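Listed below, chain by chain, are the residues.
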Amino acid sequence: MAYDPAQIEPRWQRYWDEHNTFAAADGAGKPKYYVLDMFPYPSGNGLHVGHPEGYTATDIVARYKRMNGFNVLHPMGWDSFGLPAENHAIKTGTHPRETTRRNIANFKRQLKMLGFSFDWDREVATSEPDYYRWTQWIFTKLYEQGLAYEGEMAVNWCPALGTVLANEEVKDGLSEVGGHPVVRKPMTQWMLRITAYAERLLEDLDELDWPEYIKDLQRNWIGRSEGAEVDFPVQGSERKLRIFTTRPDTMFGATYMVISPEHPWVGELTTDDQRAAVEAYRREAAGKSDRDRQISKEKTGVFAGSYAVNPATGAAIPIWVADYVMMGYGTGAIMAVPGQDERDWEFAEVFDLPILRTVQPPADFDGKAFTGDGPAINSDFLDGLEVTEAKARMIDWLEDKGLGERKVNYKLRDWLFSRQRYWGEPFPLLKFPDGSIRLMGEDELPLTLPAVDKYEAAGTGEGPLATVTEWVEVTDPVTGKPARRETNTMPQWAGSCWYYLRFIDPRNSERAWDPEKEKYWMPVDLYLGGTEHAVLHLMYARFWHKVLFDLGLVSTKEPFKKLRNQGMILGENGDKMSKSRGNVVNPDDVIAEQGADALRLYLMFLGPLERDKPWNTTGIDGVRRFLERMWRLYCDEEDGLSPQVQDVAPNEDQLRLLHKTIHAVTTMTEDLRFNTAISQMMVFVNEMTGMEARPRALLESFALLLAPYAPHLAEELWSKLGHGETLACAPWPAYDEQYLVEDTITVVVQVNGKVRDQLQIARDADPEDVKAAALALEKIGQWTEGKTIVKTIYVPGKLVSVVVK
RNA sequence: GCCGGAGUGGUGGAAUUGGUAGACGCGCUGGACUCAAAAUCCAGUGUUCCUCUGGAACGUGUGGGUUCAAGUCCCACCUCCGGCACCA
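Calculation notes
Residues numbered from 1 in each chain as written. Chains lettered and ligands numbered in written order. Predicted model: local features only at pLDDT ≥ 70, side-chain atom pairs only at ≥ 80, totals over all residues. Heavy atoms only, no water. Phe/Tyr/Trp six-rings, centres within 6.5 Å; stacked < 30°, edge-to-face > 60°. Helix = DSSP H or I, 4+ residues; strand = E, 2+ residues; numbered from the N terminus. Buried < 20%, exposed > 50% of the residue type's maximum accessible area, 1.4 Å probe, protein only. Lys NZ or Arg CZ within 6 Å of the ring centre and 35° of its normal. Pairing = 2+ DSSP bridges. Axes fitted to C-alpha atoms, helices over the stretch in contact; angles between N-to-C directions. Contact = heavy atoms within 4.5 Å. Salt bridge = Lys/Arg side-chain N within 4 Å of Asp/Glu carboxyl O. Parallel < 35°, antiparallel > 145°, perpendicular 65-115°, else oblique. Left-handed = near helix turned anticlockwise from the far one by under 90°. Near = heavy atom within 4 Å. Polar contact = N/O pair within 3.5 Å; in protein donor to acceptor, adjacent residues only side chain to side chain. Nonpolar A, V, L, I, M, F, W, Y, C, P; charged D, E, K, R; others polar. Core = buried A, V, L, I, M, F, W, Y, C linked by side-chain atoms within 4.5 Å.

Colleague: Explain the packing of aromatic side chains to me, and be specific about the residues and the numbers.
Modeller: What the rule picks out here adds up to 51 aromatic pairs. Measuring from ring centre to ring centre gives 5.9 Å for Tyr3 and Trp631, while their planes differ by 45 degrees; the resulting arrangement is tilted. Here Tyr3, found in the segment before α1 (5-19), pairs with Trp631, found in helix α20 (residues 617-634); they are 628 residues apart in sequence, far enough to count as distant. For the pair formed by Tyr3 and Trp631, the shared burial category is buried. With a centroid separation of 6.5 Å and an interplanar angle of 45 degrees, the aromatic rings of Trp415 and Trp544 are classed as tilted. Taken together, the residues Trp415 in strand β15 (residues 415-416) and Trp544 in helix α17 (residues 536-550) connect sequence positions 129 residues apart. When sorted by exposure, Trp415 lands in the same class as Trp544, which is buried. Taking NZ or CZ as reference, Lys65 lies 4.8 Å from the ring centre of Phe70, over its face. Sitting above the plane of the Tyr324 ring, Lys299 keeps its charged end 5.4 Å from the centroid.

The structure is reproduced here in structure tokens:
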């Protein structure tokens, strides 16, 4: 019989389903291993081949760990609140719940066809009330901790999407989803105080086994900088203008000040003769979108008319209003030090303001502002000190005189947590006319979404829920008072902030999760997903987790111990796969043609997991051929085993081949180097194909090695070898060191670094003998003849290097 | 501009402790089987050159350097990708 995945694969999938092969038992007296994929948004397009790449990788690990005696938790679920279903509802009137459930069914069908060993009993969907009930509950915990607040501030408003967005969702002044322009608009919104955790989010990165560049992205995003806050007295006023600087050492060179156009003191620092100009400038700045501000970096600004006193020099320096200073960072005001700051230098040049160097640039320096290290000059008591020391001395001086203090600032802002959407978690609270708020109790949750007539935004900057009066305006059953519900909903990130905890105890109707189970399963041992979540999801989830940790609700500081990113599968032309480019590969088609095992194997064989890799249709033929060769290694033309499979003792060469293969596949699987593990399996099959007798014991071990990679074929071969049970928990083969080292080794012989000949030696040959033997070689003699041998180096087991002159 | 990552045959990629560069796959060439084709199997396949059953030179983005030995380490660049970007 020929290899026929269409016949084999569905049969084993049914077997796994019926036997509940992959259900994770809590406890079970075994060491645990929690391997998690970033769960998908179930879009209407279904899977593309990029999805199964990551899922195959984690599935290999899950299956491998099971065979190594671990109790494995490998769940899958749905990040099912989100924009596409809502947009679809706007167009067609179909409730997003229906669209979502239909899409989930399709995704699940596709995932099952790939033979992933998910524990489907633990499936969750963030948009189902018995899930989001607990998302709402966690929100109440955040609120109780003072970490959720409502405030009016300039937020990222995206008119095209009809909603506000978090800083993290805006790229180059455009929405990350759809690429629509985003403007700053003052609105009252819910915020989460992630900034309270900035330091810990930064610090705890160090102990995580994550790709260094992901950690860097987060460090960068948190943007910690050390410096000082200093008060500059305003002339003719009691006011002191507070600034933040990372360069207190340059204060003697502060020749003017700049405040942001949004600074609350703009009005009062503006003199009457400058008022018209300042007001005009302010209006102009307010009208600019973020994108406008970023595109043009030409310095603009206007003199406010008033002066402040530089506390270091006692000199009066002018106060300017300019949009190169942001209200959202530091204090929204700076001391401008053109001599040591490029932006200040540029501004000073445009407006002809004085420039004073306070750090001595090197003699060959021909630039403008000098931001490097050097001795302080023109700086009184700091003169001669290098930057680091000068900073410290200056801060001491400021603190001593009560003029300022040491200060750490972060770029990280609080997380904008409300969206003007229908398809998201409603906020679990009631607002009373007096402005007070009552959080809903655990027993009142979930607060479910009401039915609506239309899904469009209300058009008032409010979400669709605002139009459902009977839902919004209620009488509070607890206090009897009239109350309003919040009409915004939570962002999609909310549900994904804690889903890994719900997987631990997904059907618990009494609490979000059982603490005993949490202690057993957490943390996630391996978390795999795309880079696109480097800051957003991963930072938000870490934040919630730390809050839950502080509340004693989880037992680990960090949720994800080890993180890896899979690369993107690109189209055959090397472009990103997308519908509009017409280069999307549909897994359904590939499975129908080549089988799930071939697809899995090919996705892993393409290249290193974390790299972007182009899909190649002829490439998958190669792995399919490999599977067919393997089939022929075990099976005959009819329905049985090949007559070459015999109960004979393996010979020395076969044992070496087997143990080399076990060793390679084991270490490479541990290191997630699946592409090279597969190539080693190919070597095994190629070599075995040439052998007359194929000892059964060898083929048994090899079927087990194959199991995590091509589980359907492995199960089929295993059962053909006479096993009545699944190999899902069969023990992983062990390798024997004695077969990994050869008795006779080939060493190469180099003369002046060039390979000239080879030499067979015994593994434990004496180094001096090896050198002598190398020098005695005829070819080596040709290269050393007439020259002086300077030295001879022997690298045991590798090579002999002869140096001649 | 700043911070990461990457550049290896025709092609996807190996070589993860400085020690035979190109494993494995694709493609291509030749052969076997066949009436023929497909499939399969076998052999070959970095480039150039030579006195061609062999041998030499060159070769991992570029230019230098360290070393007996460099894809791997150091210095200076180039190109591509990702992130951040007037953050004081």
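Colleague: How would you explain the sheet that holds strand β10 (residues 256-259) if you had to name every residue and give the values?
Modeller: One open sheet holds the four strands; their spatial order is β11-β12-β10-β13, and the pairing between them is mixed. Whereas interior strands pair on both sides, the edge strands pair on one side only; in this sheet they are β11 (302-309) and β13 (333-336). Within the sheet, the average angular offset between the axes of one strand and its neighbour, ignoring direction, is 30 degrees. With five bridges joining them, β11 and strand β12 (residues 316-321) adopt antiparallel strand pairing. Among the inter-strand pairings, Phe303 is bridged to a residue of β12, identified as Trp320. Together, β11 and β12 form the strand contacts of helix α9 (residues 272-287), whose direction differs from that of β11 by roughly 110 degrees.

Colleague: Talk me through the pattern of salt bridges; I want residue IDs and the actual numbers.
Modeller: Taken as a whole, this structure holds 51 salt bridges when the rule is applied. Two residues, Asp505 and Lys517, come together in a salt bridge whose shortest N-O distance is 3.2 Å. With a gap of 12 residues between them, Asp505 in the loop between α15 (499-502) and α16 (515-521) and Lys517 in helix α16 connect regions that are remote in the sequence. In this structure, a network of salt bridges that share partners links the residues Asp204, Glu207, Arg542, Lys546, Lys557 and Glu558.

Colleague: Talk me through the packing of helix α23 (residues 696-706) against helix α24 (residues 711-720); I want residue IDs and the actual numbers.
Modeller: α24 packs onto α23 with a crossing angle of 155 degrees between their chain directions and a minimal axis gap of 8 Å. Between α23 and α24, the angle falls in the class roughly antiparallel. Crossing angle aside, the handedness with which α23 passes α24 is left-handed. In contact with Glu700, Ala703, Leu704 and Leu706 of α23, α24 contributes Leu713, Ala714 and Trp718.

Colleague: Run through the protein's contact with RNA strand B, naming residues and quoting values.
Modeller: Taken together, 54 residues are adjacent to RNA strand B, and Thr246, Lys299, Tyr324, Tyr329 and Arg343 come closest. Each atom of RNA strand B within 4 Å of the protein was assigned to sugar, phosphate or base; sugar and phosphate come to 64%. Taking Arg632, its side chain carries an N or O atom lying 3.1 Å from a sugar or linking oxygen of RNA strand B. Here a phosphate oxygen of RNA strand B sits 3.0 Å away from a polar atom, N or O, in the side chain of Asn675. Within the surface near RNA strand B, the residues separate by chemical class into 21 nonpolar, 15 polar and 18 charged.

Colleague: Kindly report on the nonpolar core, identifying the contributing residues and their values.
Modeller: Counting residues in hydrophobic clusters, the biggest one holds 170 residues, and the most contacted among them are Trp415, Phe543, Trp544, Trp615, Met630 and Tyr634. With nine residues, α17 is the single largest residue contributor to this core. Setting aside its immediate chain neighbours within four residues, Tyr634 contacts Gly640, Leu641, Ser642, Val645, Leu699, Phe702, Ala703, Leu717 and Leu721. Met251, Ala304, Ala333 and Ile395 belong to the second-largest nonpolar core, a separate cluster that totals 45 residues.

Colleague: Describe the sheet that holds strand β18 (residues 473-475), and please don't skip the residues or the numbers.
Modeller: Taken together, four strands build an open sheet; the order of strands is β17-β16-β19-β18 and the sheet is antiparallel. Both outer strands of the open sheet, β17 (437-439) and β18, are each paired with one neighbouring strand and no more. For this sheet, the mean inter-axis angle between neighbouring strands, taken without regard to orientation, is 40 degrees. Relative to β17, strand β16 (residues 429-431) is paired through three bridges, and the arrangement is antiparallel. Opposite Lys431, over in β17, you have Ile437 as the bridge partner.

Keep in mind these numbers describe shape, not what the thing actually does.
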